[in-house]
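# Summary of structural features
Listed here are the chains, written in short residue letters.
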Amino acid sequence: MTTTENDMRTNPGVLSGYRVLDFGWVLAGALPGMVLADMGAEVIKVETRQRLDYMRMGRPIVGDQPDPEQNPMFHNVNRGKLSVTLNIAEPEAVELAKGLASRCDVVIENFSPGVMDRLGLGYEALRGVKPDIIMASISSTGQEGPLRDLRAYAPSIGSLSGLDSTMGYEGGGPLGLKHAFGDICGALHAVFAISSALFHRNRTGQGQYIDVSMLRATVVTQGVGLMEQALTGRSLQPRGNHDPTMAPYGNYPCAGEDKWVSIAVKSEEEWESLVRAMASPAWAADDRFTSQFRRQRHRRELDALLSRWTAQKDAEAVTELLQSHGVAAAPVLGAEERLFHPHFMERGLYSDTEHPALGAEPVFNLMWNLSKSPSRVRRHAPLLGEHNREVLCGHLGLSEERLAELEERRVVY
Amino acid sequence: MTYPLLSGLRVLEIGSMISAPYCGKLLADAGASVVKVEPPGAGEEARRYGPWPDDVPHPERSGLYLYLNSNKAGITANLETPTGRSIMRRLAAKSDAVVHNVPPADMERLGLDYDALSAEHPGLVMASISPWGLSGPWRDYKAYDINLAAAGGICEGLGEADREPLTFGTPEVGYFAGMAAASSIVMALLGRDTHGGQHIDIAEAETMAGLYNGPEALMAVYEWRVTRRTGHHALDFPYPNCILRCKDGHIFVGSPEGRQWRRLLEIMGNPEWSQEQRFRNRTAMNNLYADEVDGYVEAWLADYTKAELLEIALENRIPLAPVRTYEEVRSDPSLEDLFVVIERDDTGPVAYPGAPYRLPEAEASAPKPAPTLGQHNRAVLCDELGYTGADLVKLYQIGII
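Residues numbered from 1 in each chain as written. Chains lettered and ligands numbered in written order. Predicted model: local features only at pLDDT ≥ 70, side-chain atom pairs only at ≥ 80, totals over all residues.

## Remarks on the overall build of chain B
So the rule is basically this: The helix count covers DSSP runs of H or I at least four residues long, the strand count covers runs of E at least two residues long, and both are numbered beginning at the N terminus. Our exposure labels follow a C-beta count within 10 Å of each residue's own C-beta, placed from the backbone: buried means 20 or more other C-beta atoms, exposed means 12 or fewer, and partly exposed covers the counts in between. For the purpose of contact definition, each residue receives a C-beta atom placed from its backbone, and two residues are in contact when these atoms lie within 7 Å.
Looking only at helices and strands, chain B features 16 helices and 12 strands. Overall, chain B is about 85 × 50 × 40 Å in size when its C-alpha atoms are taken along their principal axes. A total of 401 residues make up chain B; the buried ones form 55% of that total. Taking as baseline every contact in chain B between residues at least 6 positions apart, the subset at least 24 positions apart corresponds to 70%.

## Here's the deal with the overall build of chain A
For chain A, the count of helices and strands is 19 helices and 12 strands. Along the first, second and third principal axes, the C-alpha atoms of chain A reach 85 × 50 × 45 Å. The buried share of chain A, taken over its 413 residues, is 55%. When contacts within chain A are restricted to residue pairs at least 6 apart in sequence, those whose partners lie at least 24 apart make up 67%.

## As for the domain arrangement of chain A
We count it as follows: Per the annotation, domain bounds derive from an automatic or database assignment of domains.
Along its sequence, chain A is carved into domain 1 (3-220 + 346-408) and domain 2 (249-332). Inter-centroid distance (C-alpha atoms) of domain 1 of chain A to domain 2 of chain A is 43 Å.

## Comments concerning the confidence of the model for chain B
The criterion, for reference: Every residue carries a pLDDT, the predictor's confidence in it, which falls somewhere between 0 and 100.
With 99% of its residues at a pLDDT of 70 or more, chain B shows a mean pLDDT of 95. Reported for the predicted complex are a pTM of 0.97 and an ipTM of 0.98.

## Looking at the sheet that holds strand E3 (residues 82-85) of chain A
Spelled out, the test is: If DSSP finds at least two bridges between two strands, the strands pair. Angles run from 0 to 180 degrees between N-to-C directions of axes, and those axes are lines fitted to C-alpha atoms, restricted for helices to the stretch in contact.
Here seven strands make up an open sheet; going across it, the order is E3(A)-E2(A)-E1(A)-E4(A)-E5(A)-E6(A)-E12(B) and the pairing mixed. One side of each edge strand has no neighbouring strand; the edge strands of this open sheet are E3 of chain A together with strand E12 (357-358) of chain B. In the sheet, strand E6 (residues 208-213) of chain A pairs with E12 of chain B via two bridges, with the strands oriented antiparallel. Each residue of the ladder has a partner; that of Val212 of chain A, found in E12 of chain B, is Tyr357 of chain B. Across the sheet, helix H2 (residues 30-38) of chain A lies against strand E1 (19-22), strand E2 (42-47), strand E4 (106-109) and strand E5 (134-139) of chain A, angled at about 150° from E2 of chain A, the strand it touches most.

## A closer look at the interface of chain A and chain B
Operational definition: By the convention adopted, Pro, Cys, Tyr, Trp, Phe, Met, Ile, Leu, Val and Ala count as nonpolar, Lys, Arg, Asp and Glu as charged, and the other residues, Gly among them, as polar.
Chain A puts 115 residues into the contact, and the matching count from chain B is 116 residues. When its residues are assigned to classes, the side of chain A that touches chain B shows 62 nonpolar, 39 polar and 14 charged.

## Things to note about the nonpolar core
Applicable threshold: Each nonpolar core consists of buried Ala, Val, Leu, Ile, Met, Phe, Trp, Tyr and Cys residues. Their C-beta atoms, within 7 Å, join them into a set.
Core analysis: the biggest nonpolar cluster contains 254 residues, and Ile210 of chain A together with Leu27, Ala181, Ile185 and Ile251 of chain B have the highest contact counts within it. Ranked by the residues each element gives to this core, the list is headed by helix H7 (residues 173-190) of chain B, at 14 residues. With residues near it in sequence (within four places) discarded, Ala181 of chain B still touches Cys23, Val99, Ala127, Ile129, Ile200 and Ile202 of chain B.

## Structural notes on the pairing of strand E1 (residues 10-14) of chain B
All names here are of chain B. Here is the rule we go by: Here a crossover is taken to be right-handed if, once the strands point away from the viewer, the path from the first strand over the helix to the second is traced clockwise.
Summarising burial for E1: four of the five residues are buried, a large majority. In this sheet, strand E2 (residues 33-38) lies alongside E1 in parallel orientation, the contact comprising four bridges. The residue bridging Arg10 from the neighbouring strand is Ser33, located in E2. Handedness of the E1-helix H1 (residues 19-29)-E2 crossover: right-handed. Across four bridges, E1 lies against strand E4 (residues 97-100) in parallel orientation. Among the inter-strand pairings, Leu12 is bridged to a residue of E4, identified as Val98.

## A word on helix H11 (residues 258-267) of chain B
One turn of an α-helix holds 3.6 residues; hence residues three or four places apart share an orientation. Residues and elements named next belong to chain B. Formally: The arc under discussion is defined with respect to the helix axis, by the directions toward the C-beta atoms.
For H11, the set of buried residues is Gln260, Trp261 and Leu264. Projection of H11 onto a plane perpendicular to its axis shows the buried side chains occupying an angular sector of 95°, all on one side. Seen from the open side of H11, the exposed residues pointing more than 90 degrees away from its buried face are Gly258, Arg259 and Glu266. On the buried face of H11, the contacting elements are helix H12 (282-301). Residue Gly269 follows H11 closely and has a positive phi angle near 85°.

## Examining the environment of Leu100 of chain A
Residues and elements named next belong to chain A. Along the chain, Leu100 falls in helix H5 (residues 91-101). Residue classification places Leu100 among the buried positions, given that 22 C-beta atoms sit within 10 Å. Considered as a pair, Leu100 and Leu392 are 292 residues apart in the sequence and their alpha carbons are 8.2 Å apart. With residues near it in sequence (within four places) discarded, Leu100 still touches Leu21, Ile44, His395 and Leu396.

## Some words on the sheet that holds strand E8 (residues 259-264) of chain A
Residues and elements named next belong to chain A. With antiparallel pairing, three strands are arranged side by side in an open sheet as E7-E8-E9. Lying at the two open borders of the sheet, with one neighbouring strand each, are strand E7 (249-254) and strand E9 (328-331). The sheet shows a mean angle of 25° between the axes of neighbouring strands, taken without regard to direction. Inspection of the sheet shows E8 paired to E9 by four bridges, in the antiparallel sense. Across the sheet, Ser262 pairs through a bridge with Ala330, a residue of E9. Relative to E9, helix H15 (residues 315-324) is tilted by about 165°, and along the sheet it contacts E7, E8 and E9.

## Brief notes about the pairing of E5 of chain A
Residues and elements named next belong to chain A. Within E5, six of the six residues are buried, which leaves it mostly tucked inside the rest of the structure. Side chains Ile134, Ala136 and Ile138 project from E5 onto one buried face, and the interleaved Met135, Ser137 and Ser139 project onto a second face that is buried too. Note that E4 and E5 share four bridges and pair parallel. Residue pairing for E5: Val106 is matched across the bridge by Ile134.

## A short note on the environment of Ala149 of chain B
Residues and elements named next belong to chain B. Following the sequence through the fold, Ala149 ends up in helix H6 (residues 145-152). Each C-alpha atom of the pair Ala149 and Pro371 lies 31 Å from the other, and the pair is 222 residues apart in sequence. With near-sequence residues (within four places) excluded, Ala149 lies in contact with Ile154, Cys155, Thr167, Phe168, Val173 and Met208.

## Quick word on the environment of Arg378 of chain B
Assignment of secondary structure puts Arg378 of chain B in helix H15 (residues 377-382). Sequence spacing of Arg378 of chain B and Leu310 of chain B is 68 residues, and the spatial spacing of their C-alpha atoms is 52 Å.

## Details of the packing of H1 of chain B against H7 of chain B
All names here are of chain B. Put simply, the test is: In these notes the angle categories are as follows: under 35 degrees is roughly parallel, over 145 is roughly antiparallel, 65 to 115 is roughly perpendicular, and the rest is oblique. Left-handed is the label given to a crossing in which the near helix is rotated counterclockwise from the far helix by less than a right angle, and right-handed is the label when the rotation is clockwise.
Orientation of H1 relative to H7, taken along the N-to-C sense of each, is 45°, at an axis distance of 7 Å. Regarding the angle of H1 to H7, the classification is oblique. H1 and H7 meet at a crossing whose hand is right-handed. Within the contact between the two elements, H1 uses Ser19, Ala20, Tyr22, Cys23, Leu26 and Leu27 and H7 uses Gly174, Tyr175, Ala177, Gly178, Met179, Ala181, Ala182 and Ile185. Residue composition of the contact of H1 with H7, grouped by class: 11 nonpolar, three polar and no charged.

## Some thoughts on the packing of H2 of chain A against helix H9 (residues 181-204) of chain A
Residue and element names in this part refer to chain A. As a packed pair, H2 and H9 sit with axes 8 Å apart at the nearest point and diverge in direction by 50°. The orientation of H2 with respect to H9, classified from their angle, is oblique. Judged by the sense of rotation from one axis to the other, the crossing of H2 with H9 is right-handed. Taking contact as the criterion, the partners of Leu31, Pro32, Val35 and Leu36 in H2 are, on H9, Ile184, Ala187, Ala190, Val191 and Ile194. Classifying every residue of the contact of H2 with H9 by side-chain character gives nine nonpolar, no polar and no charged.

## Focus: H15 of chain A
All names here are of chain A. When we look at burial in H15, the residues that qualify are Ala315, Val318, Thr319 and Leu322. In a view along the axis of H15, the buried residues occupy a sector of 100°, so they form one face of it. For H15, the secondary structure elements touched by its buried residues are E7, E8, helix H12 (268-277), helix H14 (299-310) and E9. Gly326 sits one or two residues past H15 and shows a positive phi near 85°.

## Here's the deal with the confidence of the model for chain A
Summing up the model confidence of chain A, the mean pLDDT is 95 and the portion of residues at 70 or higher is 97%. In the predicted structure, residues 1-9 of chain A sits below a pLDDT of 50 and forms eight contacts with residues beyond four places in sequence or in another chain.

This is the structure we're talking about:
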């Protein structure tokens, strides 16, 4: 019995029994398979030494030079998967991939639009070998349309979707969001559509083709900005830390080097609690701050005075003091602070895992806490081709000799 | 568009603002029957958030509410009354799933927590969305969007070094919690035959600190790279990887691949500055000379509009992307079928974003407008729970619905 089987028996995930063929790579394509694996599905990652998943060679680089087996980012977003190396530029490898697809419930890919069709692995071809297959294609800007062939990376999606247009200081230019917001939004919407398509297939026997673009997935999260434009004709501009229903609302300086605490006050009751927590300073009784309406109007003066109060205090201490009075507050946490924060640690946001090439390493957890079958990291990220024998001989019935010969000819490669 | 993937599924939503309502919307747009419960009188908070047509506030015309609640049925119930709670329990008993973002302590106080509801309905799947989760030292702490962004790692790297850290320009965290809850619910239902009902604990802060920013935190472990606020530039990327000014606005200019940068320089006429020795290494160029080079590139960009630069990007396969205003997003022909016009008497026709995935093999149907407050009281309470018309009048008179 392999470790995988062992794990699945002791704690079957909610998707146990479902099998996924995962051509996804880098981030947006790799995440849906990671999520499905954390929830218990058997996810077979198809990759090739001919053209390595960029993330295997990307940063951070552990050691002197990039090593495809030592990338912690890759390990995080591919944990729980099995790896099969198929050089799908070779027709024989394409046939093997189709054979695997015929034994899978779901196929995921995020090559440039049109690539799967050209390889003979498009939806029509896969439906030919598995009539109720569910195939999800994830792309930057969609499988069709005028932007289909635009070279677009995570920051491009932030710009095209409207997300960046409000990110910046009031009166200044857009700064740009330095995260892969679009990749994550695209991946999560793909997971939802895949799960729902499985639900539908189980009831009707029908498969599905799912076209998810990172652009659309990000646009739908722009509810406030899009509706403002639709109903008032205004396009929002950068506006700093601002919410139309709250004041104070912002990040305020604390003691220490570049430490900040976020504070947000909505109701009169919360304002009174904040004033009590500050031991009722004289300025808080000033006419400018006696109602929510006035506080909104004088929010810059309010921010300045509140900053003076927070400036000499510890961000965690301000958080605890305000929360104990029923006021929403939280420190601006840096990366290491999130790793070691008592709340996140008690909840198990990160796990220590063992990887055969890298040794002990932390991985983040999905934290979809289903009471009987929570998400969990089920095995280490696979070495390149680690499961060639298990999958190709096991699922497809290839002989050892045949596998060796295919490896020799770099079909399995 | 609405697709029939989850048709037959019954979902009860007790949601306000974004997280639970977005979960309900995802399920409703995929075909589930979603009944949304709101407090009688004022309804949920999104009705007071806006924006409104012509800036005239009205609880039935709040844009955020109308967007996030299309395709749902709406009822009212005062959960502070025994009858209101009984209505909830009876509806939950007829539902496959419940999603809420009422604070967990309040759900317990009201006798509407998972233990209470599942006692009568063991197959129930219930998703509780809360800021910090159902356990841990911060479980009862409050949070609004900026607090979750701050603790979740959004703010630390956004902004200028000498100014305060920034958050998203509009509330965003709730969408991620909604996505996590919606997928978790469908997965729990996929496994219901073997696992039975389940209680799902989704913490909004962890949707940011985990999946969204978890990998970023690990960069700190392996490189001890401290994320810094460096304005519109980001350290340690090859130049260019930033938003710059052009003729009519701003444009993202990137070139992770060397050939993309060489092509961009060609288009710019291989300017003299680009031949300088100190610009050989593009990461050094980014970390040491970015402001200076911005000036050179912006001098070229100043002659081109965003639309012209997008054409140049498409023709030459280089990653330029206009920073679009919401008006420009709405008029993008490639998103034409994303926006769906829904007509309500009190707003007229308005185009809302529909499901962000396309299903060419599935039958798509037009979405229904968001409910007016208590619009489906009769349909749900009389037709499904057996109240009479006279009961309905009485429930209204005594402030329960």
